[in-house]
Amino acid sequence: GARIPDDILVTGVDNSRVAAESQPRMTTIERLYSQRGGLACQLLKEKWQGKDISGKRIEIPYQVIYSESFDSGDMGQAIMNRLLKAAGHNVLEVQ
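First things first, this report covers the structure right here in the doc. These numbers come from a predicted model, not from an experiment.

1. Some thoughts on the pattern of salt bridges
- Here the structure, examined in full by the defined rule, presents four salt bridges.
- One salt bridge connects R3 with D7, and the closest N-O pair in it is separated by 3.4 Å.
- For R3, a relative accessible area of 49% corresponds to the partly exposed category.
- The exposure class of D7 is partly exposed, given its relative accessible area of 46%.
- The partner of E46 in a salt bridge is K56, and the shortest N-O contact between them spans 2.7 Å. Of the two residues, E46 is situated in helix 2 (residues 33–48) and K56 in the loop between helix 2 and strand 3 (57–59); the sequence distance between them amounts to 10 residues.
- Judged by relative accessible area, which is 12%, E46 ranks as buried.

Given below as structure tokens:
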């Protein structure tokens, strides 16, 4: 059968309890919600000041918590960066 992380890399989102309790422990992406609120307030302030914020892109902070399900070496980090970029996981775009 397939072995984690030798054959398959596994990751979760939002640092859930499932990630901590799984065997092997799952690597997870924790979005830093406390900073998201500040970014949203910044956008509202700009909007109230009459600035055009349509199409504005803001990167939302996150932290990757590497565990046993994901190789945290150079290759693993390169794969994680590509996954995050492809998913637009850390970008907020104003419509």
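2. Observations concerning the sheet that holds strand 4 (residues 62–65)
- Strands sit in the order 1-2-4 across an open sheet of three strands; the sheet is mixed. The two strands at the open ends of the sheet, each matched to only one other strand, are strand 1 (11–13) and strand 4. Averaged over all pairs of adjacent strands, the angle between their axes in this sheet comes to 20°, without regard to strand direction.
- As judged from the three bridges shared by strand 1 and strand 2 (residues 27–31), these two strands associate in the parallel manner. Looking at the pairing, G12 lines up with T28 of strand 2.

3. Looking at the side chain of T28
- Within the element layout of this structure, T28 appears in strand 2.
- Look at T28 and you get buried, because its relative accessible area is 2%.
- Not counting the four nearest positions on each side in its chain, T28 is found in contact with T11, G12, V13, D14, N15, S16, A19, Q63, V64 and I65.

4. Topic: the pairing of strand 2
- As defined by bridge partners, strand 2 adjoins strand 4 across four bridges and the pair is classed as antiparallel. Residue pairing for strand 4: R31 is matched across the bridge by Y62.

5. Section: the side chain of S67
- Inspection of the secondary structure puts S67 in the loop between strand 4 and helix 3 (74–87).
- Sequence-distant contacts of S67, that is, excluding residues within four places in its chain, are made with R25, M26 and T27.

6. Considerations on helix 2
- With 16 residues, helix 2 should cover 22 Å at 1.5 Å per step; its first-to-last C-alpha distance of 23 Å lies within 8% of that length.
- Of all the positions in helix 2, only L39, L43 and E46 are classed as buried. Looking straight down helix 2, one finds its buried side chains confined to an arc of 60°; they lie on one side. Facing away from the buried side of helix 2, by more than 90 degrees, are the exposed residues S34, C41 and W48.
- Once helix 2 ends, the next one or two residues include G50, with phi positive near 85°.

Criteria and thresholds
- Residues numbered from 1 in each chain as written.
- Predicted model: local features only at pLDDT ≥ 70, side-chain atom pairs only at ≥ 80, totals over all residues.
- Heavy atoms only, no water.
- Salt bridge = Lys/Arg side-chain N within 4 Å of Asp/Glu carboxyl O.
- Buried < 20%, exposed > 50% of the residue type's maximum accessible area, 1.4 Å probe, protein only.
- Helix = DSSP H or I, 4+ residues; strand = E, 2+ residues; numbered from the N terminus.
- Pairing = 2+ DSSP bridges.
- Axes fitted to C-alpha atoms, helices over the stretch in contact; angles between N-to-C directions.
- Contact = heavy atoms within 4.5 Å.
- Expected span 1.5 Å × (residues − 1).
- Arc of directions from axis to C-beta.

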